[in-house]
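Examination of the molecular architecture
The primary structure of each chain is shown beneath.
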Amino acid sequence: MRQPKLGSSSLHTHVMCVAMFTVNTLHGRAVKRRRRITARGLVTVLAAACLAACAVGPDFKRPASATPAAYRVPEESSVSADGAGPSASESAASAYAQRFITGANPADEWWTVFASRDLDAVVREAIARNQTLAAAQAKVAEARELVKAQAGNLYPQLSLDGGAGRQKYGTQFLGPLVNNLPTYSYASAGLAVQYQVDYTGGIARSVEQREALAQYQRSEADATYLLLTGSVVAEATQVAAARAKIQAVAELLAEDRSNLDLVRTAFANGSVTRVDELTAESQLATDEALLPPLRQQLAAARHALAVLTAHAPGEWTPPDFSLSALTLPMQLPVSLPSELAHRRPDILAAEAQLHAATAAVGVATANLYPQITLTATGGWQSVPGQTLFTRSNAAWSLISGITAPLFDGGTLRAERRAAVDELRSSAARYQEVVLESFGQVADALDALTHDGQLVAAQTNALASATSNVELARESYAVGNSGILQVIDAQRRRLDAQVGFLYAEAQQYLDTTQLFLALGGGNRL
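Conventions we followed
- Residues numbered from 1 in each chain as written.
- Predicted model: local features only at pLDDT ≥ 70, side-chain atom pairs only at ≥ 80, totals over all residues.
- Heavy atoms only, no water.
- Phe/Tyr/Trp six-rings, centres within 6.5 Å; stacked < 30°, edge-to-face > 60°.
- Buried < 20%, exposed > 50% of the residue type's maximum accessible area, 1.4 Å probe, protein only.
- Pairing = 2+ DSSP bridges.
- Helix = DSSP H or I, 4+ residues; strand = E, 2+ residues; numbered from the N terminus.
- Axes fitted to C-alpha atoms, helices over the stretch in contact; angles between N-to-C directions.
- Salt bridge = Lys/Arg side-chain N within 4 Å of Asp/Glu carboxyl O.

The next point concerns the packing of aromatic side chains. For the structure on display, the rule yields seven aromatic pairs. A ring pair is formed by Trp110 and Trp111, whose centres lie 5.8 Å apart and whose planes are at 80 degrees; its orientation type is edge-to-face. A residue is classified by how much of its surface remains accessible, and Trp111, at 2% relative accessible area, is buried. Here the aromatic cluster, defined as three or more aromatic residues joined through ring pairs, consists of Trp110, Trp111 and Phe515.

The subject of this paragraph is the sheet that holds strand E6 (residues 394–403). With antiparallel pairing, the four strands of this open sheet are ordered in space as E2-E3-E5-E6. Where the open sheet ends on each side, the last strands, each with one partner, are strand E2 (157–167) and E6. With direction set aside, neighbouring strand axes in the sheet form an average angle of 20 degrees. Of the pairings in the sheet, the one linking E2 to strand E3 (residues 184–197) comprises 11 bridges and is antiparallel in character.

Here the structure, examined in full by the defined rule, presents 18 salt bridges. Notably, a salt bridge pairs Arg264 with Glu281, separated by 3.1 Å at the nearest N-O pair. On the criterion of sequence distance, the pair formed by Arg264 in helix H7 (residues 202–269) and Glu281 in helix H8 (residues 274–288) is long-range, its members being 17 residues apart. Look at Glu281 and you get partly exposed, because its relative accessible area is 26%. A salt bridge links Asp287 to Arg491; the shortest N-O distance between them is 2.2 Å. Of the two residues, Asp287 is situated in helix H8 and Arg491 in helix H13 (residues 483–517); the sequence distance between them amounts to 204 residues. In the salt-bridge network here, residues are joined through shared partners; they are Arg264, Arg274, Glu277 and Glu281.

Okay, structure coming up:
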């Protein structure tokens, strides 16, 4: 509904009428009926107070953001020099390119597309044991309980009161005409009910705010879940890539040792110089220096997997992942841009923060209005020698109260202005998160397109370098070239092989990144 303007005559008159009606009803009935107020009178008071029942402040609406028709601008296909069509390299790259299925959503357990049982098992273990995810789930449970706690303020608060004591009043209690009041003992028991009339909807807005914060925690837990699964897949890929690079260097070292043996034999026969032997020894030592950094990369990835699965690195070793055991999905689902805001947990978290900020404006607005409280008590009071639970010892009261802010140094209005500013800030953050999400999806799509081209180019480079090594070794064996040509050919092949492994691993990593950018599948 439309929010009344603060200080308007209609709203001011309405609030004052409600307050005056509440007070006059109670006072009038007390005088005319000798302080006997019936339940019907209480219902009348509540009905009058609720005539203005509405939630002040703006109602939350899901923000509208500009949704592009596509995530990215398609690249123009290059043509060959004669303008006949795609070049030979582009045709070869198409064999390694992944296809995007627009309008399809990732599977719930999206990591299963890599078809690795070991990977599936490690991801499941991480979900079951990870402490960060457990903490996020506990925060969700906490937020839900806080919603229930806040919602309790919507209902009357019932309490049981009881007491016993001994006391004496002085002259000040009843004045000088009644002096020397005797000391007496007493006992009492009864019930008390207190209810705050939420005619402005301030309490309802506070419940709404708590519900929005609970949704924020749920979205944060979903984001933690998504990041956890993505991190496990990424670290498993790093393990596989490091092991493949170590294997490539090990094969190179075997060739270096073979070359060194050949050179030493030739030197013993006098067909080569001492320089050739030293060159072969130097190359072997240089290539051996490649192993420690790769082993460190492998160890770091294994340690990261151990931590993600809540294991100490010294007590758990992950499976020996290999790139050949992972299946690269050649068809990838890509959600529509219009669906991205409903799938990504960070966007949903920003939306929940915006909802909470909207409700906070309503809470701050309600604080500007008078607060009406109804209190009812009933029970028994007695002194020694009397039976407590008798009709003559019954006591009760029914009280209404109203508290209106008159002067607070501008605190309440400043708090409302601050809430409005926070609302604007949350709206801007939401739009920024949406834009960044579109950018991340576009980056992942372009990266996968270029990964296919890179894998094709590195495949050709590796094939050429392997052939060059074979020719160099044959030429050296018949004496047509020196050892330097063989070493140079081997160096080029190692570079090509490492480049191919990097491109292959990057294709797996960017595939994982696309699933994360799309929000993954269904979450917790």
